[in-house]
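# Topology and contacts: notes
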Amino acid sequence: MKSKSLVISFVVSIAAFMEILDTTVTNVALTHIAGDLGAGMEESTWILTSYLVTNAIILPVSGWCSEKFGRKRYFIVCIVGFTIASFLCGIATSLPVLVFFRLIQGLAGGGLQPSQQAIIKDSFPPQKLGSAFAIVGIVNVCAPILGPALGGYITDNLSWRWIFFINVPIGILTAILVKKLVPDFQHETANSSIDYIGFIMLAVGLGTLQVALDNAQQYDWFASSGITALFIISFISIIATIIWLSRQKNPIVNIRLFKIPRFAIGCIMMFFIGTLVNVSVMLLPMLVQNYFGYDATTAGLILVPGGIVILLLMPVAGKSLKIFKLKYLIAFGMFISAGSMLFSQGISLQSDKTYFILVRVMQILGTPFLFVPTLSVAFCDISTKESNNASAIVSLMKNLGGSFGISLIISYMDHRQQIEQAYLASHLTLDHIGYTLGLNQYTAIIQNIHLPSLLNSNTVIYGTMMKLYQSLQLQADILAYIDTFRLLGCLFLALAFVALALPTGKKQPVK
């Protein structure tokens, strides 16, 4: 029985891994795609946004789709659809065509993660859920880590089109294996009609929210009337959706599950875990590429040792569920994550690759003790009948955490960069020894590079001040990263104490 469950888990995890990997791989290849299709960088971001929008729309309703059409049938349709859309993305000849096929790819891919979680949960007995969620955790955490390295290698050595073509043989093989190995579940098929009103309101709410989050930083958040309008539409639509769904007998998303305290708390924790995973995967590669001259492949490889640590620690976290209470494991994971973020404050312009690898390993150490126990908290009171709906909601919360986290952290970094730059500029006075030494150093450099006879005093002064300003900006940027790591450290430290207050009462059935 155990070996059969492991085989089923491995097979369904291939599809989810492929889908999660595809999001981070595309991030790395964006400049190559824009150049090849003759599009600007601003336009090319719709390659990412289009996928995320349809993915966010389908995620919460994937549970209903599994019940309506049958979980196994729906899962296979999603795999086939994702595979076909990947091939079409690979042969796209223009940006609008690629964006359209990415919309289809997002619709198909949105059902893969929730279905994988639900199938794995129902394939293991309750006492083995730790092992089940360890498998889910490996897929959800390792895929974003390996994505930048794989994407960088493919785009640097082959072509950006292969980041889509590589999905085709994997998708075909996975669909065949799922068809042969994954059993049908008796409770799968439902006869409820489609709630068109609920779906449309949900699609508008989540779609506009995702577009707003993806473009908020670019257009200065609420300073833009367009972004403000999107947030208002999203807020009204989501509130209306919640009211509507709460009154339906057979809602397209079963929000009544939030009446279960541990499921609600598990979803909130998963939101912040999504923030941790996505933000940490984004920050370090962005730092080393922008300020230390690393290419995309090298920046991605810095994340790989962290993925190895995850592979080793996820099973340990799964077995720990039998020894420690869930809330203590989650608090431990939060404390480790907080400590790692505070440790990351040691980054400087003298940091080397070894140090960055150490920072990444430290940042990922606490994640297994967050992911596995949090999933166990969320699902411990969920019946097999509600596995599909619960998996869809949990997956949505993780993705929303990543979207909110990335948008807010980038804005916070920009804000801190301006503050740090103003602070450093206030110390550029002649009575400050560092400023005086910098002036003399850069003046000597400029005079050594050019013939003194060709330089006048104004040119030397201008060149020296430009060098000082560039140095000041660089230092301010690094300090902004340090401030961001400090903020994340304080956030997860606070969440560690929240985790200790998790309820441990009796199971509550869903009404």
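Scroll up for the structure.
All of these numbers come straight from a predicted model, not from anything done at the bench. (Residues numbered from 1 in each chain as written. Predicted model: local features only at pLDDT ≥ 70, side-chain atom pairs only at ≥ 80, totals over all residues. Heavy atoms only, no water.)

### Some details on the overall build of the chain
Of the regular secondary structure elements, the chain holds 19 helices and 0 strands. Residues classed as buried in the chain amount to 54% of the 511 residues present. In the chain, the share of contacts with a sequence separation of at least 24, taken over all contacts with a separation of at least 6, comes to 84%. Carbon and sulfur atoms provide 68% of the accessible area of the chain, an area that totals close to 22300 Å². (Helix = DSSP H or I, 4+ residues; strand = E, 2+ residues; numbered from the N terminus. Buried < 20%, exposed > 50% of the residue type's maximum accessible area, 1.4 Å probe, protein only. Contact = heavy atoms within 4.5 Å. Areas by Shrake-Rupley, 256 points an atom, 1.4 Å probe, with all protein chains shown as cover.)

### Re the packing of helix 3 (residues 46–69) against helix 17 (residues 387–425)
As a packed pair, helix 3 and helix 17 sit with axes 7 Å apart at the nearest point and diverge in direction by 170°. One finds that helix 3 runs roughly antiparallel with respect to helix 17. When helix 3 is examined against helix 17, the residues Asn55, Ala56, Leu59, Pro60, Ser62, Gly63, Trp64, Ser66 and Glu67 are found in contact with a partner set consisting of Asn388, Asn389, Ala392, Ser395, Leu396 and Asn399. When the residues that make up the contact of helix 3 with helix 17 are grouped by side-chain class, the tally is 6 nonpolar, 8 polar and 1 charged. (Axes fitted to C-alpha atoms, helices over the stretch in contact; angles between N-to-C directions. Parallel < 35°, antiparallel > 145°, perpendicular 65-115°, else oblique. Nonpolar A, V, L, I, M, F, W, Y, C, P; charged D, E, K, R; others polar.)

### Observations concerning the packing of aromatic side chains
Under the defined criterion, the tally for this structure stands at 11 aromatic pairs. On the basis of an interplanar angle of 75° and a centroid distance of 4.9 Å, the ring pair of Phe292 and Phe356 is categorised as edge-to-face. Of the two residues, Phe292 is situated in the loop between helix 12 (261–291) and helix 13 (296–320) and Phe356 in helix 15 (residues 353–364); the sequence distance between them amounts to 64 residues. In this structure, Phe292 and Phe356 share a single accessibility class: buried. With a centroid separation of 6.4 Å and 65° between ring planes, the pair formed by Tyr355 and Phe356 is classed as edge-to-face. (Phe/Tyr/Trp six-rings, centres within 6.5 Å; stacked < 30°, edge-to-face > 60°.)

### A word on the environment of Phe17
Mapping Phe17 onto the fold places it in helix 1 (residues 2–37). A relative accessible area of 26% means that Phe17 is categorised as partly exposed. Separated by 122 residues in the primary sequence, Phe17 and Val139 have C-alpha atoms spaced 5.4 Å apart. Excluding anything up to four places from it in sequence, Phe17 contacts Val139, Cys142, Ala143 and Leu146.

### Some words on the nonpolar core
In terms of nonpolar packing, the biggest core is built from 107 residues, with Phe263, Leu283 and Phe356 touching the most fellow members. Ranked by the residues each element gives to this core, the list is headed by helix 12, at 14 residues. Apart from residues lying up to four places away in sequence, Phe356 is in contact with Leu284, Leu287, Val288, Phe292, Tyr294, Ile302, Ile347 and Ser351. Residues Ala29, Ile33, Trp160 and Ile163 belong to the second largest nonpolar core, which totals 22 residues. (Core = buried A, V, L, I, M, F, W, Y, C linked by side-chain atoms within 4.5 Å.)

### Quick notes on the side chain of Arg102
For Arg102, the location among the structural elements is in helix 5 (residues 95–109). Since its relative accessible area comes to 1%, Arg102 is described here as buried. In this view, Arg102 contacts Asp22, Thr26, Ile47, Leu48, Ser50, Tyr51, Thr54, Cys89 and Phe164; residues no more than four positions away in its chain are not counted.

### So, the pattern of salt bridges
On inspection of all chains with the given rule, the structure shows 3 salt bridges. Residue Glu420 pairs with Arg416 through a salt bridge whose shortest N-O separation is 3.5 Å. One end of the pair, Glu420, and the other, Arg416, are both in helix 17, 4 residues apart, so they sit about a helical turn from each other. The residue Arg486 makes a salt bridge to Asp483 at a minimum N-O spacing of 2.8 Å. (Salt bridge = Lys/Arg side-chain N within 4 Å of Asp/Glu carboxyl O.)

### Some words on a nonpolar patch on the surface
Judged by side-chain polarity, Ile323, Phe324, Tyr328, Phe335, Leu493, Phe497 and Leu500 come together as a nonpolar surface patch covering roughly 690 Å² of accessible area. Elements with a minimum of two residues in the nonpolar patch: helix 14 (326–343) and helix 19 (457–499). Structurally, Leu500 is set in the segment after helix 19. Overall, Leu500 belongs to the partly exposed group, its relative accessible area being 33%. (Patch = residues over 30% accessible without salt bridge, like charges linked within 9 Å, V, L, I, M, F, W, Y side chains within 5 Å.)

### Considering the environment of Val361
With respect to the helices and strands, the residue Val361 is situated in helix 15. Note on Val361: relative accessible area 19%, which makes it buried. Taking the C-alpha atoms as reference, Val361 lies 4.6 Å from Gly306; in sequence the two are 55 residues apart.

### Description of the environment of Ile76
By the element assignment, Ile76 lies in helix 4 (residues 71–90). For Ile76 and Ala108, which are 32 residues apart along the polypeptide, the C-alpha to C-alpha distance reads 10.0 Å. In this structure Ile76 touches Val178 and Lys179, once residues within four positions along its chain are discounted.

### Thoughts on the side chain of Thr83
Mapped onto the elements, Thr83 comes out in helix 4. Residue Thr83 is classed as buried on the basis of its relative accessible area of 8%. Among the polar contacts made by the side chain of Thr83, one reaches the main-chain carbonyl oxygen of Ile79 at a distance of 2.7 Å. Residue contacts for Thr83: discarding those within four places in its chain leaves Asn167, Val168, Gly171 and Ile172. (Polar contact = N/O pair within 3.5 Å; in protein donor to acceptor, adjacent residues only side chain to side chain.)

### Notes on the packing of helix 14 against helix 15
Running from N to C, helix 14 and helix 15 point in directions that differ by 160°, and their axes come no closer than 8 Å. It follows from the interaxial angle that helix 14 and helix 15 lie roughly antiparallel. As helix 14 runs across helix 15, the sense of the crossing is left-handed. Mapping the contact onto sequence places Ser340, Met341 and Phe343 in helix 14 and Tyr355, Leu358, Val359, Met362 and Gln363 in helix 15. In terms of residue class, the contact of helix 14 with helix 15 is made up of 6 nonpolar, 2 polar and no charged. (Left-handed = near helix turned anticlockwise from the far one by under 90°.)

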